[in-house]
Amino acid sequence: SQQGEEDPQALSIQEGENATMNCSYKTSINNLQWYRQNSGRGLVHLILIRSNEREKHSGRLRVTLDTSKKSSSLLITASRAADTASYFCATDPPLNDYKLSFGAGTTVTVRA
Amino acid sequence: NAGVTQTPKFRVLKTGQSMTLLCAQDMNHEYMYWYRQDPGMGLRLIHYSVGEGTTAKGEVPDGYNVSRLKKQNFLLGLESAAPSQTSVYFCASSFRGSSYNEQFFGPGTRLTVL
């Protein structure tokens, strides 16, 4: 069963704007990861945040984690056309034998 | 490094036919996974392997079998394909023994069962 659920399901923004998507999950976690999938391609790892971290940055990406609310957010700043993709959160619950549980994803379209 | 590769990229089967999907990784990863991706459902784990010679069931294992005879290869078999197995299949691998369980994905195999 899916552990994470992304919100919104789809997002359309203008180039240069920021894009924010959220992920909620059900059980405690070791870490939470975000992946990107371009159309017709495999998933690519973007960033991992551990359960004892609250915020993490990587280039134009900012991820927050609130374990009390069991939620995470991914912010993409100054979006570009190349950011058009689906974004998935994946959780790694404790004692889960290194299996990730993926949400259904948020589809982001960046308009030129 | 090629990373994770999958063959074939596309395949069309008739109901009842069998086939094997091949996944290969050159990163010396211990863990390998097979997922299927269906519209609106994200990725669902079919089977996985925590090392050469070992396999385990994931979330949706019925109708599939797997083998990991060599560390670098993970095969997914469909013995008698059904239309419900029409999907995009992804293989992934990860390094064992780390809490940074980043998974590396192959490009996918698009399978249609008629």
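Structure's up top.
Residues numbered from 1 in each chain as written. Chains lettered and ligands numbered in written order. Predicted model: local features only at pLDDT ≥ 70, side-chain atom pairs only at ≥ 80, totals over all residues. Heavy atoms only, no water.

**Q** It is not clear to me how unusual backbone geometry should be interpreted in this structure. Could you clarify?
**A** Keep in mind that most residues, glycine aside, have a negative phi and that most peptide bonds are trans. Omega for the bond connecting Asp7 of chain A with Pro8 of chain A falls within 30 degrees of zero, at 0°, which places this linkage in the cis form. As for its placement among the helices and strands, Pro8 of chain A is situated in the loop between β1 (4–7) and β2 (10–14). For the peptide bond that leads from Thr7 of chain B to Pro8 of chain B, omega is -5°, which places it in the cis range. Positive phi is not limited to glycine here, since Lys70 of chain A has a value of about 50°. A positive phi is found at Asn28 of chain B, a non-glycine position, where the angle reads about 60°. In this fold, Asn28 of chain B is placed in the loop between β3 (19–25) and β4 (31–37). (Helix = DSSP H or I, 4+ residues; strand = E, 2+ residues; numbered from the N terminus.)

**Q** Which parts of the structure should I look at to understand the interface of chain A and chain B?
**A** Note: interface size is frequently given as the accessible area lost on complex formation between the parts. Facing 22 residues of chain A, the contacting portion of chain B comprises 23 residues. For the pair chain A and chain B, the summed buried surface comes to about 1900 Å²; carbon and sulfur atoms form 51% of the total. Summed over the shared surface of chain A and chain B, the number is zero salt bridges. Its residues assigned to classes, the side of chain A that touches chain B comprises eight nonpolar, nine polar and five charged. (Contact = heavy atoms within 4.5 Å. Buried area = accessible area lost by both parts, 1.4 Å probe. Salt bridge = Lys/Arg side-chain N within 4 Å of Asp/Glu carboxyl O. Nonpolar A, V, L, I, M, F, W, Y, C, P; charged D, E, K, R; others polar.)

**Q** Looking at this structure, I do not really get the sheet that holds strand β8 (residues 71–76) of chain A. What am I missing?
**A** Pairing between the strands of a sheet is mediated by backbone hydrogen bonds and can be parallel or antiparallel. All names here are of chain A. On the basis of which strands lie adjacent, the open sheet formed by five strands has the order β1-β3-β8-β7-β6 and antiparallel pairing. Here the strands that pair on one side only, and so sit at the sheet edges, are β1 and β6 (55–58). Averaged over all pairs of adjacent strands, the angle between their axes in this sheet comes to 20°, without regard to strand direction. In terms of strand pairing, β1 meets strand β3 (residues 19–25) through four bridges, oriented antiparallel. By the bridge assignment for β3, Gly4 is matched with Tyr25. (Pairing = 2+ DSSP bridges. Axes fitted to C-alpha atoms, helices over the stretch in contact; angles between N-to-C directions.)

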